[in-house]
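One-letter residues, chain by chain:
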Protein chains: 2
Amino acid sequence: MLTDRQKELIEKIGLVHEQEGLSPAVSRVLGLLLVSDQIELTFDEIRETLNLSKSATSNALNIAMKINRVEYITKPGDRKRYFRSKIHLWRENLMADYRKKACWADILKEVCKCRCSETKEFNHALTDLVDFVEYMSQEIPRLYKCWEQDKTK
Amino acid sequence: MLTDRQKELIEKIGLVHEQEGLSPAVSRVLGLLLVSDQIELTFDEIRETLNLSKSATSNALNIAMKINRVEYITKPGDRKRYFRSKIHLWRENLMADYRKKACWADILKEVCKCRCSETKEFNHALTDLVDFVEYMSQEIPRLYKCWEQDKTK
DNA sequence: TTTTTAGTTCTGCAACAAGAGAACTAAAAT
DNA sequence: ATTTTAGTTCTCTTGTTGCAGAACTAAAAA
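From a predicted model like this one, the values you see are computed outputs, not experimental measurements. (Residues numbered from 1 in each chain as written. Chains lettered and ligands numbered in written order. Predicted model: local features only at pLDDT ≥ 70, side-chain atom pairs only at ≥ 80, totals over all residues. Heavy atoms only, no water.)

Chemist: How would you explain the overall build of chain A if you had to name every residue and give the values?
Modeler: For chain A, the count of helices and strands is seven helices and three strands. Ordered by position from N to C terminus, the α and β elements of chain A give α-α-β-α-α-β-β-α-α-α. Scaling as 2.2 N^0.38, a compact globule of 153 residues should have a C-alpha radius of gyration of about 15 Å, whereas chain A reaches 22 Å, well beyond that. Judged by the C-alpha coordinates and their principal axes, chain A covers about 70 × 40 × 30 Å. Here chain A, with 153 residues, has 46% of them falling under the buried criterion. Across chain A, the fraction of contacts at a sequence separation of at least 24, relative to all contacts at a separation of at least 6, is 44%. For chain A, the accessible surface area stands at approximately 8400 Å², while carbon and sulfur atoms represent 49% of it. (Helix = DSSP H or I, 4+ residues; strand = E, 2+ residues; numbered from the N terminus. Rg over C-alpha atoms; globule rule 2.2 N^0.38 Å. Buried < 20%, exposed > 50% of the residue type's maximum accessible area, 1.4 Å probe, protein only. Contact = heavy atoms within 4.5 Å. Areas by Shrake-Rupley, 256 points an atom, 1.4 Å probe, with all protein chains shown as cover.)

Chemist: Before we move on, can you summarise the domain arrangement of chain A with the specific residues and values?
Modeler: Structurally, chain A comprises domain 1 (4-87) and domain 2 (101-152). Here domain 1 of chain A and domain 2 of chain A have C-alpha centroids that lie 37 Å from each other. (Domains from an automatic or database assignment.)

Chemist: Describe in detail the relation of the copies chain A and chain B, supporting the description with residues and values.
Modeler: With an RMSD of 0.0 Å, the operation that places chain A on chain B is a rotation of 180 degrees combined with a shift of 0.0 Å along the axis. Taken together, the turn and the small shift mark the pair as related by a two-fold rotation axis. Of all interface residues in chain A, 100% are interface residues in chain B too; the two copies therefore contact each other through one and the same surface. (Least-squares fit on C-alpha atoms with pLDDT ≥ 70 in both.)

Chemist: Could you give an account of the pairing of strand E3 (residues 78-85) of chain B, naming the residues involved and the relevant values?
Modeler: Residues and elements named next belong to chain B. In terms of strand pairing, strand E1 (residues 41-42) meets E3 through two bridges, oriented antiparallel. The residue bridging Thr-42 from the neighbouring strand is Tyr-82, located in E3. Pairing geometry for strand E2 (residues 70-75) and E3, over six bridges, is antiparallel. Looking across to E3, one finds that Glu-71 is bridged to Arg-84. (Pairing = 2+ DSSP bridges.)

Chemist: Please set out the environment of Lys7(A) residue by residue, giving values where relevant.
Modeler: Tracing the backbone shows Lys7(A) in helix H1 (residues 4-19). Lys7(A) sits 43 residues away from Leu50(A) along the chain, and the two C-alpha atoms are 9.4 Å apart.

Chemist: So what's going on with the protein's contact with DNA strand C? Residues and values would help.
Modeler: Taken together, 17 residues surround DNA strand C, and among them Ser53(A), Ser55(A), Lys54(B), Ser58(B) and Arg81(B) come closest. When the atoms of DNA strand C within 4 Å of the protein are sorted by group, sugar and phosphate make up 60%. The separation between a phosphate oxygen of DNA strand C and a polar side-chain atom of Ser23(A) is 3.4 Å. Separating a phosphate oxygen of DNA strand C from a side-chain N or O atom of Ser58(B) is a distance of 2.5 Å. (Near = heavy atom within 4 Å. Polar contact = N/O pair within 3.5 Å; in protein donor to acceptor, adjacent residues only side chain to side chain.)

Chemist: Quick rundown of the packing of aromatic side chains? Include the residues and the values.
Modeler: Tallying each qualifying case throughout the model produces nine aromatic pairs over all chains. A centroid spacing of 5.0 Å and a plane angle of 75 degrees characterise the contact between Trp90(A) and Trp104(B), whose relative ring orientation is edge-to-face. With Trp90(A) in helix H5 (residues 87-100) and Trp104(B) in helix H6 (residues 103-114), this pair bridges two chains. For the pair Trp90(A) and Trp104(B), a shared accessibility class is recorded, and that class is buried. Centroid distance Trp147(A) to Phe132(B): 5.0 Å. Interplanar angle 70 degrees. Geometry classified as edge-to-face. Linking Trp147(A) in helix H7 (residues 120-152) with Phe132(B) in helix H7 (residues 120-152), this pair reaches from one chain into another. In this structure Phe132(B) comes out as buried when scored by relative accessible area, which is 1%. Following the ring pairs from residue to residue traces out a cluster consisting of Phe132(A), Tyr144(B) and Trp147(B). (Phe/Tyr/Trp six-rings, centres within 6.5 Å; stacked < 30°, edge-to-face > 60°.)

In structure tokens form, the structure reads like this:
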């Protein structure tokens, strides 16, 4: 079902996902749905190829769906669910990650307001950081738009 | 020692740090070193203001130093260490986070090489994603340089 | 030399996460 | 009506994390 190369890639993808905080099972499911020749796989196909228990498979798939990385479709006259990667959303998820950093600007601005005026250098580094976070939070979405435009032309 | 507002901010900062994967103790130490009027605090000052045990304080500080968020200085004729936020490095740490995403481009390119040619739409979404990740990984450092230049002028 | 200081390390516990296996469930097939 | 299918949920085990409290250590002070 899977070549050695594919298995290797699943592990490689798995490791990076684990570093990003996902569990081994979820990480491997995401990997499998990227490298598999069939992009739509059933519960049991996933369970078997990854050697997971039913519970682990069920939980992993539900988590993967909750974090918007996997969805399933059904086929007429077939009770099984066919799970597949929501790969077209990955880009949005990446952007969401970038955007999450923006909240630091607001928090750090609040800190600035409360800081005593004696610590000049520190306060300056703080406002500098706020400026940086605001700059990046503003420019990164702009970059995104640029990329989209480049693509359409 | 701390106003209510400062305590509030420590918790607020703490929560965001926890969401980023740090433990409660480390998260609060980082918060304290941002909001405290004295930017250099001793072990015992940190321990007392945060109501931590010695071991928790020790571990939290060592972790905070390992992740490059805190350092300590010493003063002549004083055995105590004075811990302080490495706030000027935060910017770099943020960039490091951004840069970490770049590795997906390489992995996903490997996936592209192994994919069967039947799944045209999927493969296209994949190469599209690779292109996006590469674009962002290239442009974000450029943004950084722009920000630095804007600042000096 | 003994005591104090400024931490570190060890021990133990409570809480939680990951996953296996078995029991369960609801719909569909027979 | 009963069996099969396609999962879900429960129970249990194992491992990990976060922290407190106590024991420890190495350098400095008395």
